[in-house]
Every structure is written in structure tokens, then in C-alpha cells.
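# Report on the structure
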Amino acid sequence: MNILIFSEAAWDNKNSFGNTVSNFFDGNIWKNDTFCNFYCRNQIPDNEIEVNYYNLSAVDIVRGMIKGRIFGRRLSTKELEQQKASLDKTHKNEKRKIDKIHQKSNHLIYLLHEMIWMNKLWLNCNFKAFVSENNPDILFAFAASPFILWPLIKYLTKNTQCKIVLLVADEVYGNYNRLPFYRRGYLKKYLKNCIVTADRMYGISDEMSELYHNTFGISIRTLYKGCDLSCELKTEESHPLKMVYAGNLLWGRDKTLGALAKVLENINKEEIKVVLEIYTGTTVTKELSERLNISNSSKIMGSRSYEEIKQIMHMADITIHVESFNEKQIQLVKYSFSTKIIDCLQSGSCVLGIGPSGIASIEYLKKINGAHVIDDLSMLSNAVTELVKHPQNLLQDAKFIRKYALRNHEITAVQEKLRKELLELID
């Protein structure tokens with residue numbers, strides 16, 4: 001089976017997209033299958049899978065229009081290592097530009113970016129040759145970026161036997177309602193086209209699947225991530241206790257972590273009992289640094305490889321998942337299932353979720369025996385203080401969580417089921 005993965009971001013295990021896709025496709029179950037990836041930012045992929053890449057950004061398209069020839073960069077996994085230095089420099093430059101755009105949220109710039117892709121000049125002989133040589137049986141993509149995804153789907157369905165498989169990881173369609181009218185209309189139309197055309201739809205949570213079934217009247221299955229449960233459970237607590245958060249600081253999560261850091265600062269006034277380490281690839285502004293770097297209590301540790309993060313979380317006494325209590329942010333992530341929940345469940349450590357009721361990820365943690373959930377910020381101080389007072393309970397909680405993960409998220413079972421369903425689809 002030949003699988004084409006589409007994404008805007010690079011297939012990097014440190015970002016949410018790469019982490020999720022590798023969770024589904026990185027394993028011996030897929031050893032007889034081949035993978036290729038079309039992605040649209042000047043970034044460096046970082047995963048453990050043999051992949052043929054086609055990389056083309058909006059900037060590349062504009063340059064190509066000026067020069068009279070548009071072509072993407074084609075790389076294999078082996079060639080990535082040889083060109084890593086030059087690619088890394090380009091990636092850093094683009095990341096700085098993207099961060100500035102997101103900070104200002106300039107819809108006219110987004111509009112221009114989307115129009116560049118919708119002109120379909122990138123669907124040229126170079127891209128078609130990439131598709132032809134890799135001969136995909138399956139296109140797997142998030143249901144997002146429809147200004148690229150819809151032209152891609154139309155081309156594949158017309159010119160190949162490729163089946164279209166989409167995963168709804170975030171509530172993109174509903175969130176388009178918050179955009180200016182001059183973007184909202186075509187984005188909603190194109191995304192709806194993608195969804196109703198797809199041969200198979202998955203939702204990242206039961207809540208997401210139900211929402212999209214009701215919205216579009218489609219058949220949709222829930223596809224939760226799998227847990228790698230190869231690491232042993234912790235056998236003794238640390239002194240001081242170590243809390244670890246690993247993930248982005250977007251959607252107001254930084255403010256929830258800041259509230260937790262203030263609680264820890266108060267707990268540690270007379271003696272350092274617990275520390276919080278924050279691992280993130282999010283650009284750290286002065287405001288973020290002031291909020292989250294608190295002496296002897298909380299520290300931003302920067303970014304690490306996914307394998308390092310897995311080990312760091314395993315060594316933690318408590319792994320953290322947080323969501324914002326801000327109403328606007330709640331609506332953005334209400335139906336999403338954070339990739340970091342699975343990382344917490346597989347760590348072998350106790351899990352603490354902090355976020356409002358009604359969000360899919362927080363409601364999911366409430367189902368798990370052994371996991372702790374704080375859904376009211378006024379209770380944060382008392383609840384965390386109680387956890388720190390009784391560290392001996394954390395190891396038992398971790399055992400309960402491991403039992404749940406074995407029953408519901410064992411990664412081999414998840415991958416076997418997914419591969420069987422994809423093979424049935426192309427047969």
C-alpha cells in the first residue's frame with residue numbers, strides 16, 4: 001500500500017501533526033508499505049519513517065511565477081541529512097515570519113497566502129511527476145487547509161485510483177465562522193467539499209465525530225491515538241516532586257500554566273517540594289518568560305526531540321495537560337483531543353489535567369481511574385497542595401492509568417485496526 005500524507009507543516013514528531021501521524025504509521029505493522037509526503041512550509045521533517053518528500057511553499061510559488069518555472073524540492077529521508085544545515089537556516093527564517101503573522105493575525109496576508117495556492121499553478125508537471133512516481137493508494141490528511149487540500153483531492157480523484165482519508169483533528173469548519181466574510185465563504189465551501197468527497201472520515205474524539213456526523217450527515221469513525229507502553233512504571237517518587245508539561249503554549253494554555261506556577265511558588269515558600277518543567281517549541285516572548293519562569297518552581301526548558309520528551313515524561317512524577325478557561329479559547333478547542341494526552345497516558349506517571357468542563361480532552365481524562373482533573377481554577381491551589389502532600393499515592397494512580405491505557409490505547413492494536421480499514425478501503 002502506497003500512502004501519500006498531505007500537510008502544511010513538516011512531518012516533525014515535535015509538532016502536533018507529525019506527532020499524530022507518526023503515532024498512526026510508525027511501526028512494524030507498516031513495514032511493507034511506502035510513504036510520501038507533500039508539505040508546504042520550508043521546514044525540516046523529523047521522524048523515524050522512510051519517506052519521499054515534495055516540499056513547496058507559497059514563497060516558492062511566487063518566486064517560480066517570477067522566474068517562469070515553479071518546482072518543489074524533492075527529498076528522500078537519506079537526502080534530508082545531507083541538506084539539513086541549509087534547510088535549518090531556511091526553517092528558522094520562515095518560523096520568525098510565521099510567528100509575526102500569527103501575532104498580528106492579519107487576515108489580508110492570510111487571504112493572499114490562500115489565493116496563491118488556489119491559483120493551482122503548483123499543480124504542474126513537477127508535482128504530477130511526484131504523484132505518478134509514488135502512485136498513492138491512499139491520501140491521508142487532516143481536514144484543514146482546504147485552499148490546498150481541495151485542489152489536491154480534485155486532482156487525485158480525477159487522475160488516480162487514490163482513496164481519500166481525512167482526520168478531523170480540530171473543529172476547523174466551525175471556527176471559520178469567526179473569520180471575516182471575504183475568507184469565511186470560500187474556506188467553508190472548500191472544506192465541506194473535501195469532507196463530503198472523502199472515502200473515509202475519522203474524528204479525533206467521540207465528540208468531534210458526533211459533531212461532524214450531525215453537521216454533514218456523513219459516516220465518521222473515531223480514531224484515537226495509540227500508546228507506546230513499552231516503558232516500565234515508576235517505582236519511587238522524586239524529591240522534590242517533578243511535574244512536566246510538554247506541548248505548545250497557544251490557545252491560552254500559557255495562562256493556565258502560569259496559574260499553576262504561582263501555586264507551586266506558594267507551596268515552595270519554606271521548602272522546595274515540587275517543580276514544574278515546561279518543554280515547548282513555542283516562541284518564548286518576554287511576557288511568556290515572565291509568566292512561566294519562576295525561580296525554584298517553574299522553568300521553560302525549550303524544545304526536545306520526541307524520544308527525549310518520552311523519557312522526560314517517564315521520569316516525571318506528574319505529567320500535565322492544560323487548557324484555557326477563557327471562553328473564546330474554549331470554543332476553539334472544545335471538540336479537539338490533544339495529542340499530549342496520549343503522551344501523558346503512556347508515560348507511566350500520574351496525570352493531572354487542568355481545564356474547564358465541557359472540553360473533550362478534559363472530559364476524557366475524567367473517565368480515567370487514577371487521573372486527576374481540576375476543572376475550576378478556584379480549586380487549583382487546594383487540589384495541587386493535596387497532591388503534593390501525598391506523593392505516595394502517585395505511584396498507585398499511575399498503575400490505574402496504565403491499566404486503562406492497555407485496554408483502550410495499546411498502539412499495536414490501534415495501528416492494526418487502521419491498516420486493516422485502509423486495505424479494505426482500497427480493495
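All values derive from a computational prediction rather than experimental measurement.

Cut-offs applied
Residues numbered from 1 in each chain as written. Predicted model: local features only at pLDDT ≥ 70, side-chain atom pairs only at ≥ 80, totals over all residues. Heavy atoms only, no water. Helix = DSSP H or I, 4+ residues; strand = E, 2+ residues; numbered from the N terminus. Expected span 1.5 Å × (residues − 1). Contact = heavy atoms within 4.5 Å. Salt bridge = Lys/Arg side-chain N within 4 Å of Asp/Glu carboxyl O. Buried < 20%, exposed > 50% of the residue type's maximum accessible area, 1.4 Å probe, protein only. Phe/Tyr/Trp six-rings, centres within 6.5 Å; stacked < 30°, edge-to-face > 60°. Lys NZ or Arg CZ within 6 Å of the ring centre and 35° of its normal. Core = buried A, V, L, I, M, F, W, Y, C linked by side-chain atoms within 4.5 Å. Polar contact = N/O pair within 3.5 Å; in protein donor to acceptor, adjacent residues only side chain to side chain. Pairing = 2+ DSSP bridges. Axes fitted to C-alpha atoms, helices over the stretch in contact; angles between N-to-C directions. Parallel < 35°, antiparallel > 145°, perpendicular 65-115°, else oblique. Left-handed = near helix turned anticlockwise from the far one by under 90°. Nonpolar A, V, L, I, M, F, W, Y, C, P; charged D, E, K, R; others polar.

### A look at helix α9 (residues 181-197)
Between its first and last C-alpha atoms α9 spans 24 Å; for 17 residues at 1.5 Å apiece the expected length is 24 Å, and the two agree. Buried-residue contacts for α9 involve α5 (107-118), α7 (146-159), β6 (163-168), α8 (172-175), β7 (200-203) and α10 (206-216).

### Topic: the pattern of salt bridges
Applying the stated criterion across every chain yields a total of 18 salt bridges. Salt-bridge contacts for D343 lead to K340; the nearest nitrogen and oxygen are separated by 3.4 Å. Residue D343 and its partner K340 are located together in helix α15 (residues 339-346), separated by three residues, close to a single helical turn. The exposure classification of D343 matches that of K340, with both residues buried. Bridged by salt links that share partners, the residues D12, K14 and D46 form one connected network.

### Observations concerning the packing of aromatic side chains
In total, this model carries 27 aromatic pairs according to the counting rule given. An angle of 85 degrees between the planes, with centres 5.5 Å apart, marks the rings of F181 and Y182 as edge-to-face. With relative accessibility at 65%, the residue F181 sits in the exposed group. You can call Y182 partly exposed: its relative accessible area is 31%. Taken together, a centroid distance of 5.0 Å and an interplanar angle of 90 degrees make the contact between F337 and Y364 edge-to-face. In this pair, F337 sits in the loop between α14 (327-333) and α15 while Y364 sits in helix α16 (residues 360-366), placing the two residues 27 residues apart along the sequence. Take F337 and Y364: they sit in the same class, and that class is buried. Sitting over the face of the ring of F71, R69 holds its NZ or CZ atom 4.7 Å from the ring centroid.

### Regarding the environment of V284
With respect to the element layout, V284 can be found in the loop between β10 (274-279) and α12 (286-292). What V284 contacts, discounting residues up to four positions off in sequence, is S289 and I300.

### Some thoughts on the nonpolar core
Within the largest apolar cluster, 104 residues are counted, with the highest numbers of intra-cluster contacts made by F25, F38, W117, W122, L139 and L166. It is α7 that provides the largest number of residues to this core, a total of eight residues. Discounting residues that sit within four places of it in the chain, L139 has contacts with L4, F6, L149, L152, I153, L156, C162, K163, I164 and V165. Counting 27 residues, the second-largest nonpolar core is a separate cluster that includes L257, L260, I278 and L394.

### Regarding the environment of D317
Relative to the elements of secondary structure, D317 occurs in the loop between α13 (306-315) and β12 (318-322). In this structure, the C-alpha to C-alpha distance between D317 and V351, residues 34 residues apart in sequence, is 8.6 Å. When sequence neighbours within four positions are dropped, the list of residues in contact with D317 reads K234, E236, E237, S238, P240, L241, K242, S349, C350 and L394. Within the local environment of D317, its side chain forms a polar contact with the backbone nitrogen of K242, the two atoms lying 2.8 Å apart.

### What about the sheet that holds strand β8 (residues 221-222)?
Here we have eight strands laid out as an open sheet, ordered β4-β3-β2-β1-β5-β6-β7-β8, and mixed in their pairing. Strand pairing shows two members of the sheet lacking a second neighbour, β4 (73-76) and β8, which therefore form its edges. Looking at chain direction, strand β2 (residues 34-39) and strand β3 (residues 51-55) are connected through five bridges and run parallel. Paired with F35 across the two strands is V51, which belongs to β3. Along the sheet, helix α6 (residues 125-134) contacts β1 (2-7), β2, β3 and β4; its crossing angle with β3, the most-contacted strand, is approximately 165 degrees.

### A few points about the packing of helix α11 (residues 253-267) against helix α17 (residues 380-389)
Running from N to C, α11 and α17 point in directions that differ by 55 degrees, and their axes come no closer than 10 Å. As the angle between them shows, α11 and α17 are arranged oblique. Both α11 and α17 take part in a crossing whose hand is right-handed. In this structure, α11 uses A259, L260, V263, L264 and I267 to contact α17, whose residues at the interface are L380, S381, V384, T385 and V388. For the contact of α11 with α17, the per-class residue count stands at eight nonpolar, two polar and no charged.

### Some details on the sheet that holds strand β13 (residues 350-354)
Ordered by their spatial adjacency, six strands build an open sheet running β11-β10-β9-β12-β13-β14, and the pairing between neighbours is parallel. Strands with a single pairing partner mark the edges of an open sheet, and in this sheet they are β11 (298-302) and β14 (372-374). If you compare each strand with its neighbour and ignore which way they point, the axes differ by 25 degrees on average. Pairing of β13 with β14 involves three bridges; the strand directions are parallel. Its bridge partner being in β14, I354 is matched across the sheet by I374. α13 contacts β9 (241-246), β10 and β12 of the sheet and is inclined by roughly 150 degrees relative to β9.

### Comments concerning the side chain of N37
Relative to the helices and strands, N37 is located in strand β2. Owing to a relative accessible area of 0%, N37 belongs among the buried residues under this scheme. Ignoring anything within four residues of it in the chain, the contact list for N37 reads L4, I5, F6, S7, W11, V51, N52, Y53, Y54 and F130.

### Some details on the side chain of T256
Considering the arrangement of structural elements, one finds T256 in helix α11. A distance of 2.8 Å separates a polar atom in the side chain of T256 from the backbone oxygen of E323. Beyond its immediate stretch of four places on either side in the chain, T256 contacts V322, E323, S324, F325 and I354.

Read these as geometric descriptors, not functional statements.
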